[in-house]
Amino acid sequence: CNVVRRIGDMAVKLNSLEEWKRLDAFRMETAVQEIARSENLRFFFRSLLAMTGVSGTPSGVDAHTMALNVGRHSVGSDLIATLMQYQPQLYGQLLVEDADEGDNRSQLTAQARAVEQS
């Protein structure tokens, strides 16, 4: 096999499919660790998961819309499965962060409305 694979500035020589799989798994694990450490990446993934509609049941007014929503939901489920494979607690932490941020935004909105009404 002896295939050279470029990864960023590195050239990695891989001799078997098994070596490719191990390298890909290592890179995926490293990527998920980076997500866990970065507040901005955590926010990005929370937003991305929200766009997939994974927290609800896919629905639609017609077959086309339903198919689009099912596809988005499937992508969200796959993202969650990948996060949980490498860091099982991460998805739960993202949910808590999202809920906390939503509560904070609701409180700020209520305070702003109270100020406007007074």
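These figures come from a predicted structure and were not determined experimentally. (Residues numbered from 1 in each chain as written. Predicted model: local features only at pLDDT ≥ 70, side-chain atom pairs only at ≥ 80, totals over all residues. Heavy atoms only, no water.)

### Some details on helix H2 (residues 39-52)
End to end, H2 covers 20 Å across 14 residues, agreeing with the expected 20 Å (1.5 Å per residue, within 8%). If you check which residues of H2 are buried, you get Arg42, Phe45, Arg46, Leu49 and Thr52. Each buried residue of H2 sits inside an arc of 120° when the element is viewed along its axis, so together they form one side. In H2, those exposed residues whose orientation departs by more than 90 degrees from the buried face are Asn40, Ala50 and Met51. Lining the buried residues of H2 we find helix H1 (17-37), helix H3 (63-86) and helix H4 (90-117). Following H2 by one or two positions, glycine 53 adopts a phi angle in the positive range, close to 70°. (Helix = DSSP H or I, 4+ residues; strand = E, 2+ residues; numbered from the N terminus. Expected span 1.5 Å × (residues − 1). Buried < 20%, exposed > 50% of the residue type's maximum accessible area, 1.4 Å probe, protein only. Arc of directions from axis to C-beta. Contact = heavy atoms within 4.5 Å.)

### Overview of the nonpolar core
Counting 10 residues, the largest nonpolar core is built from Val32, Ile35, Phe45, Leu49, Val54, Ile80, Leu83, Leu90, Tyr91 and Leu94. If you list the elements that add at least two residues to this core, you get H1, H2, H3 and H4. Sequence-distant contacts of phenylalanine 45, that is, excluding residues within four places in its chain, are made with Ile35 and Leu79. (Core = buried A, V, L, I, M, F, W, Y, C linked by side-chain atoms within 4.5 Å.)

### A look at the confidence of the model for the chain
Of the residues in the chain, 88% reach a pLDDT of 70 or more, and the chain-wide mean stands at 85. For the chain, the element scoring lowest by mean pLDDT is strand S1 (residues 3-7), at 59; H2 scores highest, at 93. (pLDDT = per-residue confidence, 0-100.)

### Quick look at the packing of aromatic side chains
Tallied over the full model, the rule gives one aromatic pair. Here the aromatic rings of phenylalanine 44 and phenylalanine 45 are separated by 5.4 Å at their centres, their planes lie at 85°, and the arrangement is edge-to-face. We classify phenylalanine 44 as partly exposed; its relative accessible area is 45%. Looking at phenylalanine 45, the relative accessible area reads 13%, which means it is buried. (Phe/Tyr/Trp six-rings, centres within 6.5 Å; stacked < 30°, edge-to-face > 60°.)

### Description of H4
Here H4 contains 28 residues, and its C-alpha end-to-end distance of 41 Å stays within 8% of the 40 Å for a straight helix at 1.5 Å per residue. Regarding H4, the residues found buried are Leu90, Tyr91 and Leu94. The elements touched by buried residues of H4 are H1, H2 and H3.

### So, the pattern of salt bridges
Across all of its chains, the model carries four salt bridges by this definition. Arginine 42 is paired through a salt bridge with glutamate 97; the nearest N and O atoms lie 2.3 Å apart. In this pair, arginine 42 is assigned in helix H2 and glutamate 97 in helix H4, connecting sequence segments 55 residues apart. Given the relative accessible area of 25%, glutamate 97 is considered partly exposed. The closest approach of N and O atoms between glutamate 97 and arginine 46, which form a salt bridge, is 3.5 Å. Taken together, the residues span a long stretch of sequence, with glutamate 97 in helix H4 and arginine 46 in helix H2 at a distance of 51 residues. Judged by its relative accessible area of 8%, arginine 46 is buried. Taken together, the salt bridges that share partners define one network made up of Arg42, Arg46, Glu97, Asp98 and Glu101. (Salt bridge = Lys/Arg side-chain N within 4 Å of Asp/Glu carboxyl O.)

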